[in-house]
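Residue-level structure breakdown
Now for the letters of each chain:
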There are 4 protein chains.
Amino acid sequence: MSLSKPIGERSERPGDDAGSAGKRERRKEARPGELLDAALDLFVEKGFAATRSEEVAARAGVSKGTLFLYFPSKEELFKAVVRENISGRFDEWNQEFEEYQGTSAEMVRYCIQVWWDRIGATRASGITKLMMSEARNFPELAAFYQQEVIRPGTQLIRRILQRGVESGEFRPNLDVDYSVYSVIAPMIFLIMAKHSLGACVPEDFAVDPQRYLQAQADMLVAGLCNREPLP
Amino acid sequence: MSLSKPIGERSERPGDDAGSAGKRERRKEARPGELLDAALDLFVEKGFAATRSEEVAARAGVSKGTLFLYFPSKEELFKAVVRENISGRFDEWNQEFEEYQGTSAEMVRYCIQVWWDRIGATRASGITKLMMSEARNFPELAAFYQQEVIRPGTQLIRRILQRGVESGEFRPNLDVDYSVYSVIAPMIFLIMAKHSLGACVPEDFAVDPQRYLQAQADMLVAGLCNREPLP
Amino acid sequence: MSLSKPIGERSERPGDDAGSAGKRERRKEARPGELLDAALDLFVEKGFAATRSEEVAARAGVSKGTLFLYFPSKEELFKAVVRENISGRFDEWNQEFEEYQGTSAEMVRYCIQVWWDRIGATRASGITKLMMSEARNFPELAAFYQQEVIRPGTQLIRRILQRGVESGEFRPNLDVDYSVYSVIAPMIFLIMAKHSLGACVPEDFAVDPQRYLQAQADMLVAGLCNREPLP
Amino acid sequence: MSLSKPIGERSERPGDDAGSAGKRERRKEARPGELLDAALDLFVEKGFAATRSEEVAARAGVSKGTLFLYFPSKEELFKAVVRENISGRFDEWNQEFEEYQGTSAEMVRYCIQVWWDRIGATRASGITKLMMSEARNFPELAAFYQQEVIRPGTQLIRRILQRGVESGEFRPNLDVDYSVYSVIAPMIFLIMAKHSLGACVPEDFAVDPQRYLQAQADMLVAGLCNREPLP
DNA sequence: GATGAATGAGCATTCATTCAT
DNA sequence: TATGAATGAATGCTCATTCAT
């Protein structure tokens, strides 16, 4: 089972490596990426409208003008940020689960952990926060996100649940279609805790991701595997 | 057990009745509420920064100047919107659950349904979306929300879970503190489905609230009551 | 020699007398005057543009609307303030000096003292400050002020100086026309000290009017009466 | 004795030469000065509140936004205008008078003429008008002006008068402290004639500066040197 | 290419003025 | 008459975008 490279991660921040000689020496090809990184951070942190273009440029270590050299407008920058961080990784992931050998419960646990490792814990999780916040202002992007992320993700999880029901591991009366949300909701919640309210009130709301995922996975597996009549 | 009136609902929108009409109507009492309603809608829909003051005024059926007659700035308007919709309802709810006679499983189901009736299905749900999107820009309000909503809500749910564990209904190995999120996460998710992505892509993502809540409550209760060792 | 009533003085401020019965009882006829008083104070203090109409109304103890009941616009209010406080008192004063019996030097001293008693020390002095500050924005008023105040005042002083030269009291080589300014300039300066910079830095710039007028009158008389060749 | 360059004068106005023209000229060095010049003119002409930011920018030949590129607010612009034109010139002047060889009467005449050449006749005179008009709205600046201009100027003149009294040239009974105003008042008056009322009613009030200064200097010297008992 | 000075449309806010009560 | 809620033109200021260097 190959662990594919997490998406949304870029190795180093610009300016961190004061290694090579003259100042301001930078590989051109890296510029757009650095801008996208900076933009992702700021859009997630402050929202699209409240993020100033100049700030993005500054964080990427370039001038205001340079930003518009690579992206014709702030809106296009936003779209690029979203697109850049939604690489269609689902084919690969589908295959991973196709070949998976364990039980369906293990598969659910694995799914959650893999999501955390590759998405939740990475910069890519910001995209989800971003879409949640800005969807209404970018319906076109929302549709794109729906198409590229929501639908395949939902389908992937749905197949896992279906497999569990068919194998007799999970409750036979499971509402497979809507139980998918029982897997997704905890993910969304964790992202929001990380990027939204949780980023503001550290002490009281601080969620320990691993313990959180453990509790959610336990609850989920217990709920899926409970064959007795529900009270 | 009295079903208290849902919060965040205002009976009629101004300007809907083209009856009496005539401009320069004097409604000092009604104005603030109408403005807050309009602002809530727009802030939820477009975000704080992307909402123009004049738009809020227009939706409330008044002129730009009138808005500033009641709220000294756009930011104060935002704060008022949040505060207005976070009336400490928790004392009442705590008492309700204190006096509740059914099983803990029933209590969990009731909790979810009551949340939906009084918050999720009402305009008040917009506040949650708002806080999720704008928390980073309004740390002061985020703290306020944490204090007034998150903390009491968490405590209320925690007590319910604790009760179930102590009565032997729920799994004894339940991580009570973090299982609270298993109740909250589906609520947050439903609100986001209603106000964010779900508001953009009706067909594919359309969630039927009742069926959704049914599935989530089932999963939750099944997970809570499953006494067998978890796979 | 009659001491005519100082101009620009109104006996009592509205609201100071809580004497008569019910509140808000006020003689209608007094309203415009109270508004003019309040306006004069504020225009002098902050200038025309920086004075808000509502503030004028509030200081006069009436509502915003009432102000516009008596004066069709802020600009008209300003004009009324200026006109109200420039009553053509010069005929009377001319006669006073026509009948004056003392020396010309005494006349000059008397002139200065009378100006202080009737203008400089009174609210009317604010008008001068006002014209200095706002003349460029109200050329029409400036012309009016020139006509009603500057010209007659200048002429009055000129006649006094002329009388002194003709009687042999004053230097024969006196530039009568321009020496008039030697009388006026100290007056203007004192008004500015009172209403402008002097009102800001109490300690350092505080000018004792009587000592100031004494010194200026001395210098003036000494300069007028010095018959020796000028060094 | 060197005649230092008059302050407050800038050689050419931008946009006067339609030669090179072309918009979007980059003149980072020159901009602030041009804006300060334009602002000084307009503030003197119309007052702070009545001057629109865009007007200042337009007169400086730039767009609205450029103004705020150099000055963060209209108020800061005002402060900069005042500060820019109050360069501590007094050290130089003090030394000049320290080394002066003529009589005290000549010194007084020289003082007046030098003031006119370096201040009165230049754009710097507008600052005085400005402070007179706006002191109450900018108490902080008024204090600054008091500190940087009023106090040193007063001291300089006071020393000259003191010198004359001690040398026996001037009246021994001179109220030195308050006679200083006999020198200052004519200056203030001339500035007001130039920038205020005098700028409105050219014909009647037009003051010929040189003749005016001659008359005032004559009167002053005559008053200072008159050793006879005052009538 | 890269820069950052310059632009100006856009928006928050103020306040003289109106007018229903 | 008097009020003060309501209005909207005017204005300070921001910031995405352009473009001369």
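- Naming follows an unreviewed UniProt entry, where chain A appears as TetR family transcriptional regulator of Ramlibacter pinisoli.

A short note on the overall build of chain A
- A tally of helices and strands in chain A yields 11 helices and 0 strands.
- Along chain A, helices (α) and strands (β) appear in the sequence α-α-α-α-α-α-α-α-α-α-α when read from the amino end.
- A buried classification covers 55% of the 231 residues belonging to chain A.
- Taking the contacts inside chain A whose residues are at least 6 apart along the sequence as the reference set, 71% of them involve residues at least 24 apart.
- As displayed, chain A has an accessible area near 10500 Å², and 50% of this comes from carbon and sulfur atoms.

Some points on the pattern of salt bridges
- Enumeration over the complete set of coordinates arrives at 56 salt bridges over all chains.
- For Asp177(A), the salt bridge identified is with Arg211(B), shortest N-O distance 3.9 Å. With Asp177(A) in helix H9 (residues 176-195) and Arg211(B) in helix H11 (residues 209-225), this pair bridges two chains.
- Judged by relative accessible area, which is 36%, Asp177(A) ranks as partly exposed.
- In this structure, Arg118(C) engages Glu96(C) in a salt bridge whose closest nitrogen and oxygen atoms are separated by 3.0 Å. Placement of the pair is Arg118(C) in helix H6 (residues 104-120) and Glu96(C) in helix H5 (residues 90-98), with a sequence separation of 22 residues.
- The class for Glu96(C) is buried, based on a relative accessible area of 8%.
- Residues joined by salt bridges that share partners form a network here, namely Asp37(A), Asp41(A), Glu45(A), Arg59(A) and Arg123(A).

Some words on the interface of chain D and chain C
- Listed by partner, the interface residues are 60 residues for chain D and 60 residues for chain C.
- With both chains or domains summed, chain D and chain C bury close to 5300 Å², and 64% of this area falls on carbon and sulfur atoms.
- Among the residues chain D hides against chain C, the three largest losses belong to Arg136(D), Tyr178(D) and Met219(D). Together they make up 15% of the total.
- At the surface where chain D touches chain C, the tally comes to 4 salt bridges.
- Between the two partners, chain D and chain C, sit 19 residue pairs in polar contact (both at pLDDT 80 or more).
- Mapped by element, the contributors of at least two residues to the side of chain D that touches chain C are helix H1 (31-46), helix H6 (104-120), helix H7 (125-134), helix H8 (139-166), helix H9 (176-195), helix H10 (202-205) and helix H11 (209-225) of chain D.
- For the side of chain D that touches chain C, the class distribution of residues is 36 nonpolar, 10 polar and 14 charged.

Points about the protein's contact with DNA strand E
- Around DNA strand E sit 38 residues, and of these Arg31(A), Thr66(A), Arg26(D), Thr66(D) and Tyr70(D) come closest.
- Among all atoms of DNA strand E positioned within 4 Å of the protein, those belonging to sugar or phosphate total 65%.
- At a separation of 2.9 Å, a phosphate oxygen of DNA strand E approaches a polar side-chain atom of Arg31(D).
- Tyr70(D) places a side-chain nitrogen or oxygen 2.3 Å from a phosphate oxygen of DNA strand E.
- Looking at the surface near DNA strand E, the elements with two or more residues in it are helix H3 (64-70) of chain A, helix H3 (64-70) of chain B, helix H3 (64-70) of chain C together with helix H3 (64-70) of chain D.

Digging into the packing of aromatic side chains
All names here are of chain A.
- Under the criterion given, the structure shown has 56 aromatic pairs over all chains.
- Aromatic pair Phe48 and Phe138: ring centres 4.9 Å apart, planes at 85°, arrangement edge-to-face. Within this pair, whereas Phe48 is found in the loop between helix H1 (31-46) and helix H2 (53-60), its partner Phe138 is found in the loop between helix H7 (125-134) and helix H8 (139-166), the two being separated by 90 residues in sequence.
- Taking relative accessible area as the criterion, Phe138 reaches 5% and is therefore assigned buried.
- The interplanar angle of 55° and the centroid separation of 5.7 Å between the aromatic rings of Phe97 and Tyr110 together place this pair among those described as tilted. Of the two residues, Phe97 is situated in helix H5 (residues 90-98) and Tyr110 in helix H6 (residues 104-120); the sequence distance between them amounts to 13 residues.
- Exposure remark for Phe97: the relative accessible area of 8% places this residue in the buried category.
- In textbook terms, an aromatic cluster arises when at least three aromatic residues are bridged by ring pairs, as seen for Phe43, Phe48, Phe78 and Phe138.
- Between Lys74 and the ring centre of Phe48, over which it is positioned, the NZ or CZ distance is 4.6 Å.

Looking at the side chain of Lys79(C)
- By the secondary structure assignment, Lys79(C) is in helix H4 (residues 74-84).
- The residues contacting Lys79(C), other than those within four sequence positions of it, are Glu140(C) and Leu141(C).

About the cut-offs
- Residue indices follow the written sequence of each chain, beginning from 1 at its first position.
- Just so you know, chain letters begin at A and ligand numbers begin at 1, following the order they were written in.
- This being a predicted model, a pLDDT of at least 70 is required before a residue's local features are given, and a value of 80 or more before pairs of side-chain atoms are given or counted; all residues contribute to the totals for chains, interfaces and linings.
- Side-chain numbers here rest on the full set of heavy atoms in the structure, without hydrogens or water.
- Segments assigned H or I by DSSP are reported as helices when at least four residues long, segments assigned E as strands when at least two residues long, and all are numbered from the N terminus.
- Here's how the labels work: a residue is buried when its accessible area is under 20% of the maximum for its type, exposed when over 50%, partly exposed in between, all with a 1.4 Å probe on protein chains only.
- When checking whether two residues touch, look at their non-hydrogen atoms; a contact exists if any pair is within 4.5 Å.
- With residues, only the protein chains shown are counted as cover, and all accessible areas are computed by Shrake-Rupley using a 1.4 Å probe.
- For this analysis, a salt bridge means a side-chain nitrogen from Lys or Arg found within 4 Å of a carboxyl oxygen belonging to Asp or Glu.
- In short, buried area is how much 1.4 Å probe accessible area vanishes from two parts on joining, totalled over both.
- In the analysis that follows, any N or O atom pair within 3.5 Å is treated as a polar contact, provided that within protein one partner can donate a hydrogen and the other can accept it, and provided that, for residues neighboring in sequence, both atoms belong to side chains.
- Classes in brief: Ala, Val, Leu, Ile, Met, Phe, Trp, Tyr, Cys and Pro nonpolar; Asp, Glu, Lys and Arg charged; the others, Gly included, polar.
- To be near a molecule or strand, a residue needs just one of its heavy atoms within 4 Å of it.
- Note on aromatic contacts: the rings of Phe and Tyr and the six-membered ring of Trp form a pair at centre separations within 6.5 Å, being stacked when their planes are under 30 degrees apart, edge-to-face when over 60 apart, and tilted otherwise.
- A ring is scored as having a charge over it whenever the NZ atom of a lysine or the CZ atom of an arginine sits within 6 Å of its centre and within 35 degrees of its normal.

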